[in-house]
Amino acid sequence: MTASNMLYAIISEDTPGTLAQRLNARPEHLARLEALRDAGKLQLAGPHPAIDSADPGEAGFTGSLVVAEFKSLDAAKLWADADPYIAAGVYRKVTVKPFKHVLP
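Chemist: Where do I start with the sheet that holds strand β1 (residues 6-14) in this structure?
Modeler: Sheet architecture is open: four strands sit in the order β2-β3-β1-β4, paired in antiparallel fashion. Looking at strand neighbours, the two that pair on one side only are β2 (42-49) and β4 (91-99), the edges of this open sheet. Adjacent strand axes in the sheet meet at a mean angle of 15°, parallel and antiparallel pairs treated alike. Across eight bridges, β1 lies against strand β3 (residues 61-70) in antiparallel orientation. Within the sheet, the bridge partner assigned to Glu-13 lies in β3 and is Gly-63. Sheet strands touched by helix α2 (residues 73-81): β1, β3 and β4. Its angle to β4, the strand with the most contacts, is close to 155°.

Chemist: Explanation requested: the environment of Pro-98 in the structure shown.
Modeler: If you trace the backbone, Pro-98 turns up in strand β4. Residue classification places Pro-98 among the partly exposed residues on the basis of a relative accessible area of 47%. Each C-alpha atom, one on Pro-98 and one on Ala-54, is 27 Å from the other, the two residues being 44 residues apart in sequence. Residue contacts for Pro-98: discarding those within four places in its chain leaves Met-6, Leu-7, Tyr-8 and Leu-73.

Chemist: What's the story with the nonpolar core in this structure? I'm lost.
Modeler: Membership of the largest hydrophobic core is limited to eleven residues, which are Tyr-8, Ile-10, Leu-33, Leu-36, Val-66, Ala-68, Phe-70, Ala-76, Trp-79, Ala-80 and Val-96. Of all the elements in the fold, those that place two or more residues in this core are β1, α1 (19-38), β3 and α2. Ignoring any residue separated from it by four or fewer positions in sequence, one finds Ala-80 in contact with Ile-10, Ile-86, Val-94 and Val-96.

Chemist: Just to check I follow, could you spell out the pattern of salt bridges for this structure?
Modeler: Here the idea is simple: oppositely charged side chains can pair when their charged atoms come close. All told, the structure shown has four salt bridges when counted by the stated rule. Between Arg-22 and Asp-14 there is a salt bridge; the shortest N-O distance is 2.9 Å. Of the two residues, Arg-22 and Asp-14, neither departs from the other in class, the shared state being buried.

Chemist: Quick question: what am I supposed to make of the pairing of β3 here?
Modeler: Remember that side chains alternate between the two faces of the sheet whenever the strand is regular. Most of β3 is tucked away, with seven of its ten residues classed as buried. When β2 meets β3, the two strands line up antiparallel, connected through seven bridges. Looking at the pairing, Leu-44 lines up with Val-67 of β3.

Chemist: What exactly am I supposed to notice about empty space enclosed by the protein here?
Modeler: With a probe scaled to a water molecule rolled over the atoms, the places where space remains empty come into view. Counted under the stated rule, the structure contains one cavity of 30 Å³ or more. Taken as a whole, the largest cavity encloses approximately 50 Å³ of empty space. As for the largest cavity, its lining consists of Ile-10, Ser-12, His-29, Val-66, Trp-79, Ala-80, Asp-83, Ile-86, Tyr-91 and Val-94. Among the elements of the structure, β1, α2 and β4 are those that each provide at least two residues to the lining of the largest cavity. Among the residues making up the lining of the largest cavity, the classes are represented as seven nonpolar, two polar and one charged.

Chemist: What is the right way to look at the packing of aromatic side chains in this model?
Modeler: Each aromatic ring pair is specified by the distance between its two centres and by the angle formed by the two planes. For the coordinates displayed, the defined rule picks out three aromatic pairs. For the pair Tyr-8 and Phe-70, a centre-to-centre distance of 6.5 Å together with 55° between the ring planes defines the contact as tilted. Placement of Tyr-8 in strand β1 and of Phe-70 in strand β3 is noted, with a sequence separation of 62 residues between them. Phe-70 sits in the buried class, given a relative accessible area of 8%. Ring geometry for Phe-70 against Trp-79: centres 5.8 Å apart, planes inclined by 50°, an arrangement best described as tilted.

Reading the values: the criteria
- Residues numbered from 1 in each chain as written.
- Predicted model: local features only at pLDDT ≥ 70, side-chain atom pairs only at ≥ 80, totals over all residues.
- Heavy atoms only, no water.
- Pairing = 2+ DSSP bridges.
- Helix = DSSP H or I, 4+ residues; strand = E, 2+ residues; numbered from the N terminus.
- Axes fitted to C-alpha atoms, helices over the stretch in contact; angles between N-to-C directions.
- Contact = heavy atoms within 4.5 Å.
- Buried < 20%, exposed > 50% of the residue type's maximum accessible area, 1.4 Å probe, protein only.
- Core = buried A, V, L, I, M, F, W, Y, C linked by side-chain atoms within 4.5 Å.
- Salt bridge = Lys/Arg side-chain N within 4 Å of Asp/Glu carboxyl O.
- 1 Å grid on protein atoms, 1.4 Å probe; cavity = no way out; pocket = protein on both sides within 12 Å on 5 of 7 lines; lining within 4 Å.
- Points joined across faces, edges and corners; volume = space filled by probe spheres on them.
- Nonpolar A, V, L, I, M, F, W, Y, C, P; charged D, E, K, R; others polar.
- Phe/Tyr/Trp six-rings, centres within 6.5 Å; stacked < 30°, edge-to-face > 60°.

Pasting the structure below:
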């Protein structure tokens, strides 16, 4: 992480019943995350399965978590607002807040 940048947590909640929309928008969603990764800014990213299983099948997901480096909270919010899952109606709520990585 560069001295001028900070980490931000992007916590998203899915609209119930939007698994099909999520799957349709997933390639574009992943491409944005891969670009962050390739720029060395992505710490972690992934969905929250709706059931206690790595592969929830038709149960789907309840949201996602992304922790990444941005220049500012506003920059993180702008990035989050452009997520294809928002345009597809998957995310009903997105919270972006500063994150301080302590462990490990």
